[in-house]
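# Coordinate inspection notes
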Amino acid sequence: MPAPAPLGASALPPGTYEGTVVLVTGGGTGLGKAVAAEFARLGADLVVASRKAEHLKAAEDELSALGGRVLTAACDIRDPDRIAEVFDLAEETYGLPHVLINNAAANFPVPAEDMSPNAWRSVVDITLNGTYFMAREFGRRHLAAGTPGSIVNVGASYAWTGGPGYAHSAAAKAGVKNLVETLAVEWGPYGIQVNGLVPGLMPHEDMTADIRANLDRVRAAGLRQPALRVGRPRELGWAATFLASPYARFISGHTLVVDGANWQRRDLVPPEVVPIREQLGRGRFDAAP
Ligand SMILES: CCCCCCC/C=C/C(=O)SCCNC(=O)CCNC(=O)[C@H](O)C(C)(C)COP(=O)(O)OP(=O)(O)OC[C@H]1O[C@@H](n2cnc3c(N)ncnc32)[C@H](O)[C@@H]1OP(=O)(O)O
Ligand SMILES: NC(=O)C1=CN([C@@H]2O[C@H](COP(=O)(O)OP(=O)(O)OC[C@H]3O[C@@H](n4cnc5c(N)ncnc54)[C@H](OP(=O)(O)O)[C@@H]3O)[C@@H](O)[C@H]2O)C=CC1
């Protein structure tokens with residue numbers, strides 16, 4: 001597929017998000033930062049919430065250079081009390097966020113039989129429970145205030161297909177997609193839109209070592225994407241700024257996949273079956289700890 005428009009370009013009119021507060025979880029790294037940047041270019045004030053000080057610093061430094069104001073808040077989205085404090089802080093500083101980008105998630109490749117109960121819990125807690133806790137706080141505050149809002153939950157295409165090597169994340173992302181569909185109906189009458197946004201393979205400099213190693217395996221195999229290229233983080237940002245914009249007010253309960261049709265790929269001759277243990281370079285399963 002052709003290369004996208006250059007970084008800094010936008011399909012939306014300048015100032016589309018002036019006077020709008022956008023809260024992005026995990027907005028200090030990778031795709032969350034790229035999405036936050038597109039809102040900032042269009043005039044939004046940003047609230048970035050995540051756990052690590054170095055990620056919050058990166059958000060503050062890089063996103064404030066794009067024009068809008070940036071408030072950062074240390075927050076583990078597994079903690080509903082801390083989430084409420086972050087919303088209090090945002091309200092005191094700018095007013096209640098109009099848009100919530102539920103981007104933060106956790107993931108690492110591991111064969112299902114090797115995964116510890118705590119590893120499963122950590123990924124599901126962050127990816128599914130954290131996403132719900134953020135949406136819950138946002139929804140309750142808007143319902144109480146009688147104001148409209150827009151939520152975009154970042155997902156993954158293995159929500160539909162299953163994700164060998166990522167059982168925890170795939171199950172959690174299936175829950176995230178399902179939550180979009182439920183909340184869109186429950187909160188539609190109050191003017192709250194809820195949509196999902198799924199990136200395809202979009203490499204970036206903040207990828208964790210585990211995910212990067214998998215990307216290297218994909219590249220070594222020859223990429224194998226129908227688009228014959230990977231996605232650029234700004235392509236996700238453009239889709240997010242459209243979904244939360246005044247031009248998408250009748251879109252709700254929808255999950256938009258930005259992956260160059262990769263998740264639809266089927267072959268006349270199915271690919272060779274290689275067990276996940278082998279793909280991850282692991283030996284025979286040994287139940288002994
Ligand atoms: C090229 C193809 C790419 C396909 C991508 C598919 C689409 C999805 C992409 C993504 O979601 S990318 C997002 C990735 N980003 C992150 O995961 C960032 C945040 N991650 C983290 O903070 C950690 O990785 C964490 C482990 C998920 C959470 O950290 P926390 O501090 O809460 O947990 P820990 O106490 O460190 O660990 C809990 C538990 O998990 C076990 N564990 C940790 N890492 C691994 C691993 N690599 N493999 C197996 N198990 C792991 C850890 O040992 C703990 O379990 P116990 O030892 O206590 O049993
Ligand atoms: N990159 C890709 O190709 C793909 C990505 N995705 C999805 O896109 C989204 C962004 O992924 P990507 O940018 O690649 O990943 P990153 O690892 O760069 O981003 C994950 C972000 O989540 C934050 N985070 C993790 N755990 C918590 C927590 N408990 N509380 C608050 N924040 C947390 C991290 O910040 P901190 O460490 O500071 O807490 C980090 O900023 C995710 O939802 C992911 O599943 C889906 C498919 C493909």
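Residues numbered from 1 in each chain as written. Chains lettered and ligands numbered in written order. Predicted model: local features only at pLDDT ≥ 70, side-chain atom pairs only at ≥ 80, totals over all residues.

### Describing the overall build of the protein chain
Summing up its helical and strand segments, the protein chain has 9 helices and 7 strands in all. What you see for the protein chain is a C-alpha radius of gyration of 19 Å, in line with the 19 Å of a compact globule of 289 residues. Dimensions of the protein chain, computed from C-alpha atoms along their principal axes, come out at roughly 55 × 45 × 35 Å. Out of the 289 residues belonging to the protein chain, those deemed buried represent 41%. (Helix = DSSP H or I, 4+ residues; strand = E, 2+ residues; numbered from the N terminus. Rg over C-alpha atoms; globule rule 2.2 N^0.38 Å. Buried ≥ 20, exposed ≤ 12 C-beta atoms within 10 Å, placed from the backbone.)

### Notes on the sheet that holds strand β7 (residues 255-258)
Pairing within the open sheet is parallel, and its 7 strands lie in the order β3-β2-β1-β4-β5-β6-β7. The outermost strands of the open sheet, each flanked by one partner alone, are β3 (70-74) and β7. With direction set aside, neighbouring strand axes in the sheet form an average angle of 20 degrees. Pairing analysis gives 3 bridges linking strand β1 (residues 21-25) to strand β4 (residues 99-102), with the strands arranged parallel. Bridging across to β4, Val-22 finds its partner in Val-99. Its contacts with the sheet place helix α6 (residues 167-187) against β5 (149-154), β6 (192-199) and β7, and it is angled at close to 160 degrees to β6. (Pairing = 2+ DSSP bridges. Axes fitted to C-alpha atoms, helices over the stretch in contact; angles between N-to-C directions. Contact = placed C-beta atoms within 7 Å.)

### Quick word on the site of ligand 1
Neighbouring ligand 1 are 19 residues, the closest being Ala-106, Asn-107, Phe-108, Ser-116 and Ala-119. Considering each element in turn, the shell around ligand 1 owes the most residues, 5 residues, to helix α7 (residues 209-220). Looking at the shell around ligand 1, its residues break down into 11 nonpolar, 7 polar and 1 charged. (Near = placed C-beta within 6 Å. Nonpolar A, V, L, I, M, F, W, Y, C, P; charged D, E, K, R; others polar.)

### So, the site of ligand 2
Near ligand 2, the surroundings consist of 30 residues, among which Gly-26, Gly-30, Ser-50, Arg-51 and Ala-105 are the closest. Mapped by element, the contributors of at least two residues to the shell around ligand 2 are α1 (30-41) and α4 (117-145). Among the elements that take part in the shell around ligand 2, α1 stands out by supplying 3 residues, more than any other. Broken down by class, the residue content of the shell around ligand 2 amounts to 13 nonpolar, 12 polar and 5 charged.

### Observations concerning the nonpolar core
Val-22, Ala-36 and Leu-46 are the most contacted members of the largest nonpolar core, which totals 65 residues. For Val-22, the residues in contact, after removing those within four places along its chain, are Tyr-17, Phe-39, Ala-44, Leu-46, Pro-97, Val-99 and Ile-101. (Core = buried A, V, L, I, M, F, W, Y, C linked by C-beta atoms within 7 Å.)

### Side note on the pairing of β6
Within β6, 8 of the 8 residues are buried, which leaves it mostly tucked inside the rest of the structure. Neither face of β6 is exposed, since Ile-192, Val-194, Gly-196 and Val-198 on one face and Gln-193, Asn-195, Leu-197 and Pro-199 on the opposite face are all buried. Alignment of β5 against β6, held across 6 bridges, turns out to be parallel. Across the sheet, Val-152 pairs through a bridge with Asn-195, a residue of β6. Relative to β7, β6 is paired through 4 bridges, and the arrangement is parallel. What sits directly across from Pro-199, in β7, is Val-258.

### With respect to the UniProt feature "domain: Ketoreductase" (unreviewed entry) in the protein chain
As annotated in UniProt, the feature "domain: Ketoreductase" (unreviewed entry) corresponds to residues 20-179 in the numbering used here. Helix makes up 52% of residues 20-179 and strand 16%, and the two end C-alpha atoms of the span are 25 Å apart. (UniProt positions renumbered as here; feature names shortened; annotations may be inferred.)

### Let's talk about the pairing of strand β2 (residues 45-50)
Of all the 6 residues making up β2, 6 are buried; the element is thus mostly covered by neighbouring parts of the structure. Burial of β2 is two-sided: the residues Asp-45, Val-47 and Ala-49 facing one way and the residues Leu-46, Val-48 and Ser-50 facing the other way are all buried. When β2 meets β3, the two strands line up parallel, connected through 5 bridges. Across the sheet, residue Leu-46 finds its bridge partner in β3, namely Val-70. In this fold, β2 hands off to helix α2 (residues 53-64), which returns the chain to β3; that crossover is right-handed. (Right-handed = clockwise from strand over helix to strand, strands pointing away.)

### A closer look at unusual backbone geometry
In the Ramachandran plot, Leu-223 falls in the positive-phi region, its phi being about 70 degrees despite a non-glycine side chain. Residue placement: Leu-223 occurs in the loop between α7 and α8 (233-243). C-beta crowding within 10 Å serves as the criterion here: with 12 such atoms nearby, Leu-223 is assigned to the exposed category.

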